[in-house]
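Below are the chains, spelled out letter by letter.
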Amino acid sequence: MTLPVLYGNRESGHSYKVRQTLVLLDVAHEYRYVDLLPPRAERRADFVAVSPYGEVPVFIDEDGVLAQSNAILLHLVRRSGRLGGGDDLERTTQWLFWEANRIGFSLSNLRFALRFAKEDPGVVAMLRRRTEADLDRLASEFDRRPYLLGEAPGVADISCAGYLFFADQAGIDLRRWPSVGGWLDRLAATPGWAHPYELMDSKSATSR
Ligand SMILES: N[C@@H](CCC(=O)N[C@@H](CS)C(=O)NCC(=O)O)C(=O)O
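Each value, and the rule that gives it
- Residues numbered from 1 in each chain as written.
- Predicted model: local features only at pLDDT ≥ 70, side-chain atom pairs only at ≥ 80, totals over all residues.
- Helix = DSSP H or I, 4+ residues; strand = E, 2+ residues; numbered from the N terminus.
- Rg over C-alpha atoms; globule rule 2.2 N^0.38 Å.
- Buried ≥ 20, exposed ≤ 12 C-beta atoms within 10 Å, placed from the backbone.
- Contact = placed C-beta atoms within 7 Å.
- Near = placed C-beta within 6 Å.
- Nonpolar A, V, L, I, M, F, W, Y, C, P; charged D, E, K, R; others polar.
- Core = buried A, V, L, I, M, F, W, Y, C linked by C-beta atoms within 7 Å.
- Domains from an automatic or database assignment.

### Focus: the overall build of the chain
In terms of helices and strands, the chain carries nine helices and four strands. Relative to the 2.2 N^0.38 estimate, which gives 17 Å for 208 residues, the radius of gyration of the chain is 17 Å and therefore close to what a compact globule would have. Looking at the chain as a whole, 36% of its 208 residues qualify as buried. Intrachain contacts of the chain at a sequence separation of at least 6 include 69% that bridge at least 24 residues.

So, in structure tokens, the structure goes:
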């Protein structure tokens, strides 16, 4: 039997979102590590051959090749019938789109700017303002319920939380948003949860 394949990288919160979902769903898969340091065309050939946008994650199963982390999460919810926010696929989709444009853009790029790219201070300041606004928005959710769509975690939570486990690397102190910290603690206590660096380590991949 051919296992589904996930291409990802240790530093990629977007890849982490997918692998964490696969693990929570107990979907057996092969994790293939992609070194992102070489230029796109020089990365591992099997990845270059299938990747539609040159980015990780890419997921392959019997339904075909899929990129974009949140599209992959929706695919996994549809296939499994689980982690869909109490079957509220519309609200799940709404949060996934929010994530793609907000926290998955702001905090991920703030971290990238500080840690890898050494960006212009004006760009860093803009990304910091946007990250803080996104955390303010998220924080208001958890006055009412423990997870974004109710009493149990789903892919909306996994997606919106993915990059927050790297908040310190983006110079963000989450103590300013205690309800967000509480939500992350609840997620981290979910059986099967693991930190991105544990789950995405190249040592847990089948090949580099
Ligand atoms: N919107 C995409 C973002 C994917 C993305 O930004 N991937 C990064 C790593 S986190 C990447 O592959 N960077 C290498 C490159 O662009 O060459 C998603 O949600 O999957």
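Anyway, onward from the coordinates.
### Notes on the site of the ligand
In the vicinity of the ligand, the contacting residues are Ser12, His14, Leu36, Arg40, Gly54, Glu55, Val56, Pro57, Gln68, Ser69, Asn70 and Ala100. For the shell around the ligand, the per-class residue count stands at four nonpolar, six polar and two charged.

### A short note on unusual backbone geometry
Pro57 follows Val56 through a cis peptide bond whose omega is 5°. Structurally, Pro57 can be placed in the loop between helix 2 (45-50) and strand 3 (58-61). For Asp26, which is not glycine, the phi dihedral falls at a positive 60°. Structurally, the position occupied by Asp26 is in the loop between helix 1 (13-24) and strand 2 (30-33). On the basis of neighbour count, Asp26 is assigned to the exposed category, with 9 C-beta atoms found within 10 Å. If you check the backbone angles, Leu83 has positive phi at about 65° while not being a glycine. Within the secondary structure, Leu83 sits in the loop between helix 3 (69-80) and helix 4 (89-101).

### Quick notes on the nonpolar core
Ranked by internal contacts, the top residues of the largest apolar core, which has 40 residues, are Leu73, Leu107, Ala156 and Cys160. If you tally residues by element for this core, the top one is helix 7 (residues 155-162), at five residues. Counting contributing residues, this core receives three or more from each of domain 1 (5-83 + 193-204) and domain 2 (89-188). Those residues in contact with Ala156 that sit more than four places away from it in its chain are Gly85, Thr92, Trp95, Leu96, Leu148 and Leu149.

### Overview of the domain arrangement of the chain
In terms of domains, the chain is made up of domain 1 (5-83 + 193-204) and domain 2 (89-188). The gap between the C-alpha centroids of domain 1 and domain 2 is 20 Å. Of all the secondary structure elements, the ones that give two or more residues to the side of domain 1 that touches domain 2 are helix 1 and helix 3. Among the elements that make up the side of domain 1 that touches domain 2, the one with the highest residue count is helix 1 (six residues).

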